[in-house]
Amino acid sequence: MYSGFARATRPLSRALAPLGDRILIRKAVKETTTAGGILLPTDTGKDPNEGTVVAVGPGLRDVSGVLHAPNLKAGDTVLLPKYGGTEIEIGDETMSLFREEDILGKFD
């Protein structure tokens, strides 16, 4: 019936291992209520500038070949720049991929 055609199949879920000094981050959810309990429409909520590290690449090699491991690990909460990163979809979830140098800081 499908002679000559290859059926494309998508995996149900995928895993992503970042390369180099790239870091995969799940951004925090937008706040939909104020401190006083007022509900905000979703389009007026402030974009969160923090997220949780999901996966970390092995690091970068310098000119002499020495590997410099990243300072972050999975589970860390980080401060992100307002713009930047590459948004990707894994399954039904949207995450962002940043270089380590683009991440502004780490929360304790």
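Look above for the structure.
Residues numbered from 1 in each chain as written. Predicted model: local features only at pLDDT ≥ 70, side-chain atom pairs only at ≥ 80, totals over all residues. Heavy atoms only, no water.

(A) Focus on the sheet that holds strand β8 (residues 105–106). Overall, antiparallel pairing links the six strands, which are arranged β6-β7-β1-β2-β5-β8 in an open sheet. The open sheet has two free edges, formed respectively by β6 (86–90) and β8, since each of these has just one partner strand. Where β6 lies against strand β7 (residues 93–99), five bridges are found, and the strand directions are antiparallel. Looking at β7, one finds that glutamate 87 is bridged to serine 96. (Pairing = 2+ DSSP bridges. Helix = DSSP H or I, 4+ residues; strand = E, 2+ residues; numbered from the N terminus.)

(B) View of the environment of tyrosine 83. If you trace the backbone, tyrosine 83 turns up in the loop between β5 (77–79) and β6. Residue tyrosine 83 is classed as exposed on the basis of its relative accessible area, which comes to 68%. For the pair tyrosine 83 and aspartate 102, spaced 19 residues apart in sequence, the C-alpha to C-alpha distance is 9.9 Å. (Buried < 20%, exposed > 50% of the residue type's maximum accessible area, 1.4 Å probe, protein only.)

(C) Quick look at the nonpolar core. Judged by nonpolar contacts, Ile23, Ile25, Val53, Leu72, Val78, Leu80, Phe98 and Ile103 together constitute the single largest core of eight residues. Residue contacts for valine 78: discarding those within four places in its chain leaves Ile25, Asn49, Glu50, Gly51, Val53, Leu72, Ile103, Gly105, Lys106 and Phe107. Counting residues in each nonpolar core, the second largest holds five residues, with Leu24, Ile90, Met95 and Leu97 among its members. (Core = buried A, V, L, I, M, F, W, Y, C linked by side-chain atoms within 4.5 Å. Contact = heavy atoms within 4.5 Å.)

(D) Region of the structure containing the pairing of strand β1 (residues 22–27). Here β1 runs beside β7; their pairing, made up of four bridges, is antiparallel. Looking at β7, one finds that isoleucine 23 is bridged to phenylalanine 98. Judged from the five bridges that link them, β1 and strand β2 (residues 50–56) form a sheet pairing that is antiparallel. Paired with isoleucine 23 across the bridge in β2 is valine 56.

(E) The arrangement of the pattern of salt bridges in detail. Considering all chains together, one arrives at four salt bridges under this definition. The closest approach of N and O atoms between arginine 26 and glutamate 93, which form a salt bridge, is 2.5 Å. Taken together, the residues arginine 26 in strand β1 and glutamate 93 in strand β7 connect sequence positions 67 residues apart. For arginine 26, a relative accessible area of 34% gives the class partly exposed. The shortest N-O distance in the salt bridge between aspartate 76 and lysine 73 comes to 3.2 Å. Given a relative accessible area of 8%, aspartate 76 falls into the buried group. (Salt bridge = Lys/Arg side-chain N within 4 Å of Asp/Glu carboxyl O.)

(F) Layout of the side chain of aspartate 21. In this fold, aspartate 21 is placed in the segment before β1. Contacts of aspartate 21, omitting those with residues within four sequence positions, involve Gly59, Leu60, Phe98, Arg99 and Glu100.

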